[in-house]
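# Working through the structure, step by step
Letter by letter, the chains look like this.
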Amino acid sequence: MDKMPVIDVFMTAEDERMISEEIKAEFGDKVVFIDCYAWPNRDLKSYLRSSLDLCHGALNSGGAILNTNITSLDFYEKNYIAQIGDREEYHAADVGPGLIQVLHSPISQYSPGGLRGGRFAASYDSIEEADTGDFVKQVYKIIKKHFKKVYRMDPVTKDLEAKPDSRLLAGPDAIEKYDQMNGLYLTLQHYAYYTSKK
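Residues numbered from 1 in each chain as written. Predicted model: local features only at pLDDT ≥ 70, side-chain atom pairs only at ≥ 80, totals over all residues. Heavy atoms only, no water.

## Points about the environment of F27
Put simply, the rule reads: Secondary structure elements are defined from DSSP: runs of H or I of at least 4 residues count as helices, runs of E of at least 2 residues count as strands, and each element is numbered from the N terminus. The contact criterion used is simple: two residues touch if any of their non-hydrogen atoms lie within 4.5 Å.
Here F27 shows up in helix 1 (residues 13–27). The sequence separation of F27 and A92 amounts to 65 residues, and the corresponding C-alpha distance is 22 Å. Setting aside anything within four residues of it in sequence, one finds F27 in contact with N67, F135, Q138, V139 and I142.

## Section: the sheet that holds strand 15 (residues 192–195)
Just so we agree on the cut-off: Should DSSP find at least two bridges between two strands, the strands are regarded as paired. Axis geometry follows a simple rule: fit a line to the C-alpha atoms, using only the stretch in contact for helices, then measure angles between N-to-C directions, giving values from 0 to 180 degrees.
Strands sit in the order 12-15-14 across an open sheet of three strands; the sheet is antiparallel. Because the sheet does not close on itself, it has two edges, and the strands there are strand 12 (151–153) and strand 14 (186–189). Across the sheet, the mean angle separating the axes of adjacent strands is 40° when strand polarity is ignored. Bridging between strand 12 and strand 15 involves three bridges; their strand directions are antiparallel. Bridging across to strand 15, R152 finds its partner in Y194.

## So, the environment of F135
Operational definition: With a 1.4 Å probe rolled over the protein chains alone, any residue whose accessible area is under 20% of its type maximum counts as buried; one over 50% counts as exposed, and the rest are partly exposed.
The residue F135 is located in helix 3 (residues 130–146) in this model. Assessed through its relative accessible area of 1%, F135 is described here as buried. C-alpha separation for the pair F135 and G98, spaced 37 residues apart in sequence, amounts to 7.2 Å.

## Description of the sheet that holds strand 5 (residues 62–67)
Spatially, 4-3-5-8-9-2-13-11 is the arrangement adopted by the eight strands of the open sheet, whose pairing is mixed. What marks the edges here is a single partner per strand, and that holds for strand 4 (48–49) and strand 11 (148–149). Alignment of strand 2 (residues 6–10) against strand 9 (residues 118–121), held across four bridges, turns out to be antiparallel. Bridging from a neighbouring strand, D8 pairs with R119 of strand 9. Helix 1 contacts strand 2, strand 3 (31–36), strand 5 and strand 9 of the sheet and is inclined by roughly 145° relative to strand 3.

## Looking at the pairing of strand 14
Of the strand pairs in this sheet, strand 14 and strand 15 are connected by three bridges, and their pairing is antiparallel. Looking at the pairing, T187 lines up with Y193 of strand 15.

## Thoughts on helix 1
Selection rule: Given a helix with a known number of residues, its expected span is that number minus one, times 1.5 Å.
The end-to-end C-alpha distance of helix 1, which contains 15 residues, comes to 21 Å, matching closely the 21 Å that a straight helix rising 1.5 Å per residue would cover. Among the residues making up helix 1, those that are buried are D15, E16, M18, I19, S20, I23 and F27. Residues of helix 1 that are buried in the fold lie against strand 2, strand 3, strand 5, strand 9, helix 3 and helix 4 (172–178).

Written out as structure tokens, the structure reads:
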């Protein structure tokens, strides 16, 4: 059975650094971080990073967390990097066995200076890729331990929904810098604002 678990998050570079350290503390050297964008070559080692906050090699960079006990670097390099059409650019997979996709939280354009949502996501077969399922569950447990729940908020009246969003969390640095701070907000889209302050 296919599983595609997602955690939407508000997170700053500092939150990414912190959660990377927590993941490395749990898994050690078997976990690496990959800077994912259109690479000019296939040299995987050039795009390995020590932390998610360093996965910003291009404007549209994302990241991937790879458990090398599930998919080795050699296997990844041979099988999970594909040329993009006829261009001298290459796409590195960010979902698959042993992988968790990471999308950074961008700065909002419609709410100047506000922070929009990022994402952790994975896709695996719960039977044939049970090891990936276990890895994803462990990483998501770490995220849920350090990030806080948020409530949808009316940006005008400041009224809150009674219950927190079931799939949306905010990192501690995102809360400190953007959660109704100095006119800044946590926001997913127009009219969708959030706060951790119940």
